[in-house]
Amino acid sequence: MSSAEGVGVGLLGFGTIGTGVAKVLLRNAAIIEERLGFPLRLVRIADLDTETDRGVDLDGIRFDDDAEGLIADPEVRIVIELIGGYDVARRFTLQSIEAGKHVVTANKALLALHGNEIFSAAEARGVDVAFEAAVGGGIPVLRALREGLSANHIQAVEGILNGTTNYVLTQMEESGEDFEVVLKRAQELGYAEADPTFDVEGVDAAHKLALLAAMSFGVRIDFKRIPTEGIRGLEPLDFQAAADFGYRIKLLAIAKSKGEGRPIEARVHPTLIPSTSMLANVDGAMNAVAIRGDAVGPTLYYGAGAGELPTASAVVGDLMEIAREIRRDAAQRVSPLSYPHGELKDNPLAPLGELTTRCYLRFTAVDRPGVLSHITGALGEEGVGIQSVLQPGRGEAGESVPVLVFTHPAQESAVRRALETVDGLPDVTAPTRLIRIEDEL
Ligand code: HSE
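Just so it is clear, the model here is predicted, and its values are computed rather than measured.

A. Main features of the sheet that holds strand E4 (residues 78-81). Spatially, E3-E2-E1-E4-E5-E6 is the arrangement adopted by the six strands of the open sheet, whose pairing is parallel. Looking along the sheet, the strands with just one partner apiece sit at the ends: strand E3 (62-64) and strand E6 (129-130). In this sheet, strand E5 (residues 102-105) lies alongside E4 in parallel orientation, the contact comprising four bridges. Note on E5: the bridge partner recorded for Val 79 is Val 103. Each of strand E1 (7-12), strand E2 (40-46), E4, E5 and E6 touches helix H12 (residues 308-328); the most contacted strand, E5, lies at about 165 degrees to it.

In structure tokens form, the structure reads like this:
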């Protein structure tokens, strides 16, 4: 291959992100070539929908629905998998690896579930699988973790990893609008996953955390065991109470190391964080990841976590990195998860019950003398100390009111036992909402 011919790439999936990738490759072809010293050529695109006009000039690019033909095409050295979902994406990814093609994907769901199989196949075949766009969209956080921070013991990774939920939380807090109204707007803006329950229930953030945790701590990907809670059921009152106590509510994905050989803490849930912390000030659909290493100390990565062009920025960055390796015959320069696949350890996740945090509890109870003492009594029985109690309303004639409690640090299992008792009390009329508090960010 002459220098002018460059490295050929093929695109599987010509949806929103695929269109962004084609646009960046074409629009920024000159700067890409200047930086590489040779061109990156989009030679083929495959998608089932060959009719829709994506507004991209496809002159000289073969576009059809023949995914297998694209994978087998000798001109295609790197396959970009942007189909999404699990089954078809997994099949084509493994088929590409088998054919000796490098793969770039933005598919966090695929990697969270099948990453161990895919990375192991890629290592055996001597090809790369790159996935910068899968976590934090356009933010180059995986490269930072895999290369820039590789001298560190990673101590903690805490991130706002889902733009849809961050947008919803920010808007609910600012406007007091209902959850459903704000979620619909996020979908219209194109942030949400095809199935928005993945966003809302925290699953998308957990997919991303599974990858970050594996890369941070050298453990096998274990998405299914990450305790995950979404943002449904949060009420305007929660945002108000949080603000009164100097907090904001964010859906955080958290992974912490408790030290060599000890279980890892990994969890996704709405969290009260100090309103002065940097993560608390990440608003709208933006993402941010805070990573603490033993040598470097705290670091922060911020940017657009979704959207056509930001995500394409990460995909094309990966293509350029692999194209350089192809040119130098140096594939697998860095392992995808930062550790050689065989070195990854099985992942002993610490049970959530062992977690010690402060908590915000929203009880719903009939406004009757003595009810509060039953609630505080149940907490006291389990050794859960109370910092503040707040009853913002007055229930007339047997109406229920919210009773808000901020606890001292307590073990989750003890708090859960207390809540079981409280939720069984006759005057308590709805299940209690627990939101964990992270003070050290
Ligand atoms: N649906 C995701 C989000 C974007 O809302 O952040 C892609 O990961």
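B. Region of interest: the pairing of strand E10 (residues 286-293). A large share of E10 lies buried, amounting to six of its eight residues. Where strand E7 (residues 154-160) lies against E10, six bridges are found, and the strand directions are antiparallel. When the sheet's bridge partners are listed, Ile 154 is paired in E10 with Gly 293. In this structure, E10 lies alongside strand E11 (residues 297-304), joined through eight bridges in antiparallel fashion. Within E11, the residue paired with Arg 292 across the bridge is Pro 298. In sequence, E10 turns back onto E11 through a hairpin of three residues.

C. Expanded view of the packing of helix H6 (residues 141-148) against helix H10 (residues 203-217). Here H6 crosses H10 at 15 degrees, and the two axes come no closer than 10 Å. Comparing their axes, H10 and H6 come out roughly parallel. Note on packing geometry: the crossing formed by H6 with H10 is left-handed. From H6, Leu 142, Leu 145 and Arg 146 reach across to H10, where they touch Leu 212, Met 215 and Ser 216. Residues that form the contact of H6 with H10 fall into these classes: four nonpolar, one polar and one charged.

D. Structural context of the side chain of Thr 407. By secondary structure assignment, the location of Thr 407 is in strand E14 (residues 400-407). Under the relative-accessibility criterion, Thr 407 is labelled buried at 0%. Those residues in contact with Thr 407 that lie beyond four places of it in its chain are Thr 357, Arg 358, Cys 359, Leu 361, Val 384, Gly 385, Ile 386 and Gln 387.

E. Expanded view of the packing of aromatic side chains. Taken as a whole and judged by the stated rule, the model has five aromatic pairs. Their ring planes at 20 degrees and their centres at 6.5 Å tell us that Tyr 247 and Phe 406 sit as a pair that is stacked. One end of the pair, Tyr 247, is in strand E8 (residues 247-257); the other, Phe 406, is in strand E14, with 159 residues separating them in the sequence. Of the two residues examined, Tyr 247 and Phe 406, each falls in the buried class. In this structure an aromatic cluster arises from ring pairing among Phe 245, Tyr 247, Tyr 360 and Phe 406. For Arg 91, the ring lying beneath its charged end belongs to Phe 92, and the centroid distance is 4.9 Å. Between Arg 146 and the ring centre of Phe 131, over which it is positioned, the NZ or CZ distance is 5.9 Å.

F. Local environment of the side chain of Thr 105. Relative to the assigned elements, Thr 105 resides in strand E5. Under the relative-accessibility criterion, Thr 105 is labelled buried at 1%. Within polar-contact distance, the side chain of Thr 105 engages the side chain of Glu 81 at 2.6 Å. Within polar-contact distance, the side chain of Thr 105 engages the backbone nitrogen of Asn 107 at 2.9 Å.

Quick notes on the rules
Residues numbered from 1 in each chain as written. Predicted model: local features only at pLDDT ≥ 70, side-chain atom pairs only at ≥ 80, totals over all residues. Heavy atoms only, no water. Pairing = 2+ DSSP bridges. Helix = DSSP H or I, 4+ residues; strand = E, 2+ residues; numbered from the N terminus. Contact = heavy atoms within 4.5 Å. Axes fitted to C-alpha atoms, helices over the stretch in contact; angles between N-to-C directions. Buried < 20%, exposed > 50% of the residue type's maximum accessible area, 1.4 Å probe, protein only. Parallel < 35°, antiparallel > 145°, perpendicular 65-115°, else oblique. Left-handed = near helix turned anticlockwise from the far one by under 90°. Nonpolar A, V, L, I, M, F, W, Y, C, P; charged D, E, K, R; others polar. Phe/Tyr/Trp six-rings, centres within 6.5 Å; stacked < 30°, edge-to-face > 60°. Lys NZ or Arg CZ within 6 Å of the ring centre and 35° of its normal. Polar contact = N/O pair within 3.5 Å; in protein donor to acceptor, adjacent residues only side chain to side chain.

Treat this as a map of the structure, not an account of what it does.
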